[in-house]
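Residues per chain are reported as follows:
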Amino acid sequence: QVQLVESGGGLVHPGGSLRLSCAASGFVFSSYVMSWYRQAPGKERELVAFITPTGRITNYVASVKGRFTISRDDAKNTVYLQMNNLKSEDTAVYYCKAAKDQGYWGQGTQVTVSS
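Residues numbered from 1 in each chain as written. Predicted model: local features only at pLDDT ≥ 70, side-chain atom pairs only at ≥ 80, totals over all residues. Heavy atoms only, no water.

Participant: What is the right way to read the state of the cysteines from this model?
Facilitator: Simply put, disulfide is the name for a covalent bond between the sulfur atoms of two cysteines. Scanning the model with the defined rule gives one disulfide in all. Here Cys-22 pairs with Cys-96 through a disulfide, and the sulfurs are 1.9 Å apart. Highlighted residues: Cys-22 in strand β3 (residues 18-25) and Cys-96 in strand β9 (residues 92-99), separated in sequence by 74 residues. In terms of burial, Cys-22 and Cys-96 fall into one category: buried. (Disulfide = S-S within 2.5 Å. Helix = DSSP H or I, 4+ residues; strand = E, 2+ residues; numbered from the N terminus. Buried < 20%, exposed > 50% of the residue type's maximum accessible area, 1.4 Å probe, protein only.)

In C-alpha cells, the structure reads:
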C-alpha cells in the first residue's frame, strides 16, 4: 500500500537548521510531483514547496525563499526539505504530499523553533 513517512522534525533554536525527509513506497515515486506543506496551530495548511518529476522545477512560498531547499532522490524514493535560518514562525507540523492523478499524504512531523 501507499506510504509516506516523514522524519527529521524536532526542537531547534532560532537560526538553526533541520532537514526533513519523506520516504515513499507503494507508487511510482519518480513520476509524482512531491510537495511539503505545513500547518501551524489555529492556521490553515499551507504549501511550503514543491518539486516536479526529475527535479526540473521547484517553487517556494515567499516566506521561506532563500532559507528552505526542496530536493528529491528518485533512487531512494525520498524527498527532502533542508530548512536553514529557522524562525519561530516556521513552527508547525510538516507534511509531505505526492500528487499526480491522485494525492497521498504523510502523517506529519513536528518542527518547533524556540529559544
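Participant: Any chance you could explain the packing of aromatic side chains here in plain terms?
Facilitator: What characterises a pair of aromatic rings is the spacing of the ring centres plus the angle enclosed by the ring planes. Tallied over the entire structure, the rule returns six aromatic pairs. Aromatic ring contacts, followed pair by pair, group Phe-27, Phe-29, Tyr-32 and Tyr-104 into a single cluster. Cation over ring: Arg-45 sits above Trp-105, and NZ or CZ is 4.6 Å from the ring centre. Between the NZ or CZ atom of Arg-72 and the centre of the ring of Phe-29, over which it lies, the distance is 4.7 Å. (Phe/Tyr/Trp six-rings, centres within 6.5 Å; stacked < 30°, edge-to-face > 60°. Lys NZ or Arg CZ within 6 Å of the ring centre and 35° of its normal.)

Participant: Looking at this structure, how should I read the nonpolar core?
Facilitator: Soluble globular proteins: nonpolar side chains tend toward being buried together. Membership of the largest hydrophobic core comes to 30 residues, with the highest contact counts inside it found for Leu-4, Trp-36, Val-79, Leu-81, Met-83 and Tyr-94. Looking at this core, the elements that each hand over two or more residues are β3, β4 (33-39), β5 (46-51), β7 (68-73), β8 (78-83), β9 and β11 (109-113). Filtering out sequence-adjacent residues up to four positions away, Tyr-94 remains in contact with Glu-6, Leu-20, Trp-36, Tyr-37, Arg-38, Val-48, Phe-68, Leu-81, Met-83, Gly-108, Thr-109 and Val-111. (Core = buried A, V, L, I, M, F, W, Y, C linked by side-chain atoms within 4.5 Å. Contact = heavy atoms within 4.5 Å.)

Participant: Quick question: what am I supposed to make of unusual backbone geometry here?
Facilitator: Note: most peptide bonds trans; most residues except glycine with negative phi. The phi angle at Thr-54 is positive, at roughly 70°, despite the residue not being glycine. Considering the arrangement of structural elements, one finds Thr-54 in the loop between β5 and β6 (58-60). Owing to a relative accessible area of 66%, Thr-54 belongs among the exposed residues under this scheme. Residue Asn-85 is not a glycine yet carries a positive backbone phi of 50°.

Participant: Got a minute to help me understand the pattern of salt bridges in this structure?
Facilitator: Think of it this way: side chains of opposite charge can pair up when their charged atoms draw near. Inspection of every chain in the model, using the stated rule, returns four salt bridges. Here Asp-90 and Arg-38 are joined by a salt bridge, their closest N and O atoms 3.0 Å apart. In this pair, Asp-90 sits in the loop between β8 and β9 while Arg-38 sits in strand β4, placing the two residues 52 residues apart along the sequence. Of the two residues, Asp-90 and Arg-38, neither departs from the other in class, the shared state being buried. When salt bridges with common partners are traced through the structure, they connect Arg-38, Glu-46, Arg-67 and Asp-90 into a single cluster. (Salt bridge = Lys/Arg side-chain N within 4 Å of Asp/Glu carboxyl O.)

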